[in-house]
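Letter by letter, the chains look like this.
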Amino acid sequence: MPLYKAPVEDVLFLLNDVFHIERFANLSGFAEASPDVVEAIVGETAEFCEKVLTPLNRIGDQQGCRRGPDGSVTTPEGFRQAYRQVVDGGWIGISVPPEFGGLGLPVALTQIVNEFMTSANMAFAMYPGLTQGAIAALLTHGTAEQKSLYVPKMVAGEWTGTMNLTEPQCGTDLGLIRTRAVRQPDGSYRITGSKIFISAGEHDLAANIVHLVLARIEGAPEGTRGLSLFVVPKVIPNPDGTLGARNAVSCGAIEEKMGIHGNSTCVMNYDGAAGWLVAQENRGLNAMFVMMNEARLGVGVQGLAMSEVAYQNAAQYAKDRLQGRAITGAKFDDKPADPIIVHPDVRRVLMTIRAFNEAARALILWTAIKSDVAHRSDDAGEREAADDHMGLLTPVIKGVLTDLGFANAVMAQQVFGGHGYIREWGMEQFVRDARIAMIYEGANGIQALDLVGRKLAKDGGRAVMAFFGEVQGYVKEQAADAAMKPLVEPVGKALGHLQQATMWFMQNAVAKPDHAGAGASDYMHLFGLVVLGYMWCRIAAAAHGRLDSDPSGRMKAKLVTARFFMERMLPETATHLARIQSGADTVMELPAEAF
Ligand SMILES: Cc1cc2nc3c(=O)[nH]c(=O)nc-3n(C[C@H](O)[C@H](O)[C@H](O)COP(=O)(O)OP(=O)(O)OC[C@H]3O[C@@H](n4cnc5c(N)ncnc54)[C@H](O)[C@@H]3O)c2cc1C
């Protein structure tokens, strides 16, 4: 069975030594996140993930979800009991305000819990993960009545949440949505239509499922400007929260798919189901964006989580598997061959994955803290800056972390040679599971377009200029430190590439938008490398500070990994820049019939 050990020490190092979470004590909920509270939550989650969720991962993959003739869906053996433990542990509402039954603790803790759970069992972790997204949308856009009726039940895990956008003819282009809503005299709506690919659309983990559904009210404009968001419960709750009549929503089928078999991906049929408007009419996409942005960060965490668990297994295998001798002569004379970890090419793979994982985790936690500043700070300027950061970094986190999360799962599988292709070792499941993260929540090509087409120019480029300013300022400040110079110098150079790429778009893509479309994916990855490089500088600065008091060697390992990132991964920014500057002419030259 594949192993998983939650990276507890790493997250504590990031929270305490790199991001100094104690400095945010003025934000609500941070004072309560004292070191002992944080350690207790992180430790308990780690134990649950290692002992309960990890063994269920293979079972979930093999059994999958089954739909009964009545449209009910049964999750794999053990999922119900594990879900009960999640509910009892209070994990779903860790960061939800206490007035809705949550603990109100920093979002960073939620992200840590989600990373651990996803590494242990991605399909399972999606059930509470989607509920968290639906809670965020209701808290931001729901009426007071909707919040008090739905959110506490969802925080308590009694009801779960879903997001319903996709239809057979409509994926990326949500303007094509056909699901209809008809206003009723009592103020509710009748929802009719069919949604496909709905994660956790039907299951047996909770008594009720709260569907957030995008639909078009009769007479509303065509396109995305005519979409409204509705809350459509599977069972209609009475005003006191007890369950009433069954609503006209049902699961018509579950998809047979490549991975995440333990998560039900459903066709959901709405046959005149009762729904209630969330936010204003025709402003549904705006409201759904809260859930989508939340989910996009969650999907970025999935990329990291799959890369982490794949790495751990590959590293262990590389230490155990005996093949060949080191190029420089035998390292383990007592054995018939050396373990493959002696080979530079195997180490290159492991170092590449590790250098990604540790910086990606820092990026997630840094952004989680920004998310709290954006929602909890008393200072309007701070809130605006943090919100800018979230908007700019969300497509980068979603797109880059999932592209590389999948690539890393494949590289880790390669360390196993032929055994990686054999089901017993579990590596092929990581590859299959990780693949979806590049596709859903807006395929990664769309994330890149969002970054280049919307986020760069937003508010006159305020967010990207602030990001450039922060990294540039840090590089300048640290360049005087001899220990940091070898790290900040390459990051400064990579930032220069990013700035040149941004300028190239400004000069060339306005007149010819295909230039932006053809370069967007490279730009997103160039951005990702710069921000991961910046994270490595921040990590290394903290590691230097602890070097003398670290007999475990973990801090030294951080510094070596930081150097590896600068030498081996960051130079790719030059390639991305060259591709961007080559423009769209060749990409667009062949006529469609030539393909
Ligand atoms: C397992 C699974 C779970 C899912 N869960 C949910 C869920 O819970 N709720 C939900 O609503 N949906 C869900 N989805 C749907 C998912 O979000 C969509 O599949 C995804 O958004 C892409 O839509 P599509 O499949 O129709 O692809 P299309 O929109 O047809 O896109 C096909 C390809 O074309 C590219 N493309 C499309 N338009 C453009 C453009 N303008 N410019 C450049 N490239 C473009 C895309 O990047 C993509 O690579 C799920 C899907 C799967 C497989």
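Residues numbered from 1 in each chain as written. Predicted model: local features only at pLDDT ≥ 70, side-chain atom pairs only at ≥ 80, totals over all residues. Heavy atoms only, no water.

1. Focus on the packing of aromatic side chains
This model, assessed by the stated rule, comprises 15 aromatic pairs. Ring geometry for Phe24 versus Phe30: centroids 6.1 Å apart, planes at 50 degrees, classification tilted. Judged by its relative accessible area of 23%, Phe24 falls in the partly exposed class. When the ring of Phe79 is compared with that of Phe124, the centres are 5.4 Å apart and the planes differ by 80 degrees; the resulting orientation is edge-to-face. Of the two residues, Phe79 sits in helix α3 (residues 79-89) while Phe124 sits in helix α5 (residues 122-141), which places them 45 residues apart along the sequence. (Phe/Tyr/Trp six-rings, centres within 6.5 Å; stacked < 30°, edge-to-face > 60°. Buried < 20%, exposed > 50% of the residue type's maximum accessible area, 1.4 Å probe, protein only. Helix = DSSP H or I, 4+ residues; strand = E, 2+ residues; numbered from the N terminus.)

2. A short note on the environment of Val491
Within the fold, Val491 resides in helix α13 (residues 485-508). On the basis of relative accessible area, Val491 is assigned to the buried category, the value being 1%. Along the sequence, Val491 and Val531 sit 40 residues apart, while their C-alpha atoms lie 8.8 Å from each other. Residue contacts for Val491: discarding those within four places in its chain leaves Val471, Val475, Gly533, Tyr534, Cys537, Met566 and Leu570. (Contact = heavy atoms within 4.5 Å.)

3. Structural notes on the packing of helix α4 (residues 107-120) against helix α7 (residues 284-320)
Put simply, α4 and α7 touch, their axes get as near as 8 Å, and they point 50 degrees apart. Here α4 is positioned oblique relative to α7, judged by the angle of their axes. α4 and α7 meet at a crossing whose hand is right-handed. Packed against α4, whose contacting residues are Gln111, Asn114, Glu115, Thr118 and Ser119, the element α7 presents Leu297, Val301, Gln302, Leu304, Ala305, Met306, Glu308 and Val309 at the interface. Here the contact of α4 with α7 is built from residues that sort into six nonpolar, five polar and two charged. (Axes fitted to C-alpha atoms, helices over the stretch in contact; angles between N-to-C directions. Parallel < 35°, antiparallel > 145°, perpendicular 65-115°, else oblique. Left-handed = near helix turned anticlockwise from the far one by under 90°. Nonpolar A, V, L, I, M, F, W, Y, C, P; charged D, E, K, R; others polar.)

4. Considering the nonpolar core
Residues Phe467, Tyr523 and Phe527 are the most contacted members of the largest nonpolar core, which totals 199 residues. Those residues within four positions of Tyr523 in sequence are excluded, and the remaining contacts are Leu451, Val452, Leu456, Val464, Phe468, Leu498, Ala501, Thr502, Phe505 and Ile580. (Core = buried A, V, L, I, M, F, W, Y, C linked by side-chain atoms within 4.5 Å.)

5. Section: empty space enclosed by the protein
The gaps of empty space that remain are located by a probe, the size of a water molecule, rolled over the atoms. For the coordinates displayed, the defined rule picks out four cavities of 30 Å³ or more. Approximately 90 Å³ is the volume attributed to the largest cavity. Forming the boundary of the largest cavity are 13 residues, of which Pro2, Thr54, Asn57, Ala120 and Phe430 lie nearest the centre. Contributions of two or more residues to the lining of the largest cavity are made by α2 (35-63), α4 and α10 (427-435). (1 Å grid on protein atoms, 1.4 Å probe; cavity = no way out; pocket = protein on both sides within 12 Å on 5 of 7 lines; lining within 4 Å. Points joined across faces, edges and corners; volume = space filled by probe spheres on them.)

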